[in-house]
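# Residue-level structure breakdown
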Amino acid sequence: MNRLSLTRSRKKLGAFLLSLGLTLGASAVRAQTPLADGQVVKIDPAAGKITIKHGPLKQFGMDEGMTMVYRAADPAMLTAVKPGDKIKFAPDRVNGEFTVFKIEKAR
Ligand SMILES: [Cu+2]
């Protein structure tokens, strides 16, 4: 291996480690994010989507409550709740798409 290609592969490794770090960082943020309150309006298991009515989520520029569709990070989450259930959920935006990472029934 000549010196130039060694430098190139180091750069690739660096970029890989950086993206790995960003990915881990994002999930760490998710784990810490306080759960939002909401209510299940509709579930579409085939599409892996859930419609949730929720209050303001200022971190996403949602200054007022609304009803909106989220993608479920894991479709299995959608079997644990049904329309009408009050929930606590962990939302985030992934590639511009609102995604829910965790759903718990609220007591
Ligand atoms: Cu919203």
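Summarised in this report is the structure supplied together with it. All values reported here derive from a predicted model rather than from experimental measurement. (Residues numbered from 1 in each chain as written. Predicted model: local features only at pLDDT ≥ 70, side-chain atom pairs only at ≥ 80, totals over all residues. Heavy atoms only, no water.)

Next up on the list: the overall build of the chain. Summing up its helical and strand segments, the chain has one helix and five strands in all. Listing the helices and strands of the chain from first to last along the sequence gives α-β-β-β-β-β. Evaluated residue by residue, the chain yields a buried proportion of 26% over its 107 residues. (Helix = DSSP H or I, 4+ residues; strand = E, 2+ residues; numbered from the N terminus. Buried < 20%, exposed > 50% of the residue type's maximum accessible area, 1.4 Å probe, protein only.)

Listed as protein donors to the copper ion are His-54 (NE2), Met-62 (SD), Met-66 (SD) and Met-68 (SD); their distances from the metal cover 2.1 to 2.4 Å. Considering all four donor atoms around the copper ion, angles at the metal cover 102 to 121 degrees and the coordination shape is tetrahedral. When the donors of the copper ion are listed by position in the chain, the intervening gaps give H-x7-M-x3-M-x1-M. There is no split in this pair, since Met-62 and Met-68 are both buried. (Donors = N, O, S within 2.8 Å, 3.2 Å for Na, K, Ca; no water. Tetrahedral: all angles 85-135°; square planar, octahedral: opposite > 155°, others 65-115°.)

Further remarks concern the pairing of strand β3 (residues 66-72). In this structure, strand β2 (residues 49-54) lies alongside β3, joined through six bridges in antiparallel fashion. Each bridged residue has a counterpart across the sheet, and for Ile-52 the counterpart in β3 is Met-68. Across two bridges, the pairing between β3 and strand β5 (residues 97-105) is parallel. Its bridge partner lying in β5, Arg-71 is registered against Thr-99. (Pairing = 2+ DSSP bridges.)

Here we come to the nonpolar core. Counting residues in hydrophobic clusters, the biggest one holds 19 residues, and the most contacted among them are Ile-50, Tyr-70, Phe-89 and Ile-103. Put simply, the parts of the chain that give this core at least two residues each are β1 (36-44), β2, β3, β4 (86-94) and β5. Look past the residues within four positions of Ile-103 in its chain and what remains in contact with it is Ile-50, Met-77, Val-81, Ile-87, Lys-88 and Phe-89. (Core = buried A, V, L, I, M, F, W, Y, C linked by side-chain atoms within 4.5 Å. Contact = heavy atoms within 4.5 Å.)

Under the definition given, this model contains three aromatic pairs. Here the aromatic residues Phe-60, Tyr-70, Phe-89 and Phe-98 are joined through ring pairs into a cluster of three or more. (Phe/Tyr/Trp six-rings, centres within 6.5 Å; stacked < 30°, edge-to-face > 60°.)

For the rest of this paragraph, the subject is the sheet that holds β2. Strands sit in the order β1-β2-β3-β5-β4 around a closed barrel of five strands; the barrel is mixed. When the angles between neighbouring strand axes are averaged without regard to direction, this sheet yields 55 degrees. (Axes fitted to C-alpha atoms, helices over the stretch in contact; angles between N-to-C directions.)

Turning our attention to the pattern of salt bridges. Counted by the stated rule, this structure contains six salt bridges. Ionic pairing is found between Lys-88 and Asp-37, a salt bridge with its closest N-O pair at 2.6 Å. Residue Lys-88 is located in strand β4, and its partner Asp-37 is located in strand β1; the two are separated by 51 residues in the primary sequence. Residue classification places Lys-88 among the partly exposed positions, given a relative accessible area of 30%. Taking relative accessible area as the criterion, Asp-37 reaches 47% and is therefore assigned partly exposed. In this structure, the salt-bridge partner of Asp-85 is Lys-105, at a minimum N-O distance of 3.7 Å. In this pair, Asp-85 is assigned in the loop between β3 and β4 and Lys-105 in strand β5, connecting sequence segments 20 residues apart. Residue Asp-85 is classed as buried on the basis of its relative accessible area of 11%. Members of the salt-bridge network, linked through shared partners, are Lys-49, Arg-71 and Glu-97. (Salt bridge = Lys/Arg side-chain N within 4 Å of Asp/Glu carboxyl O.)

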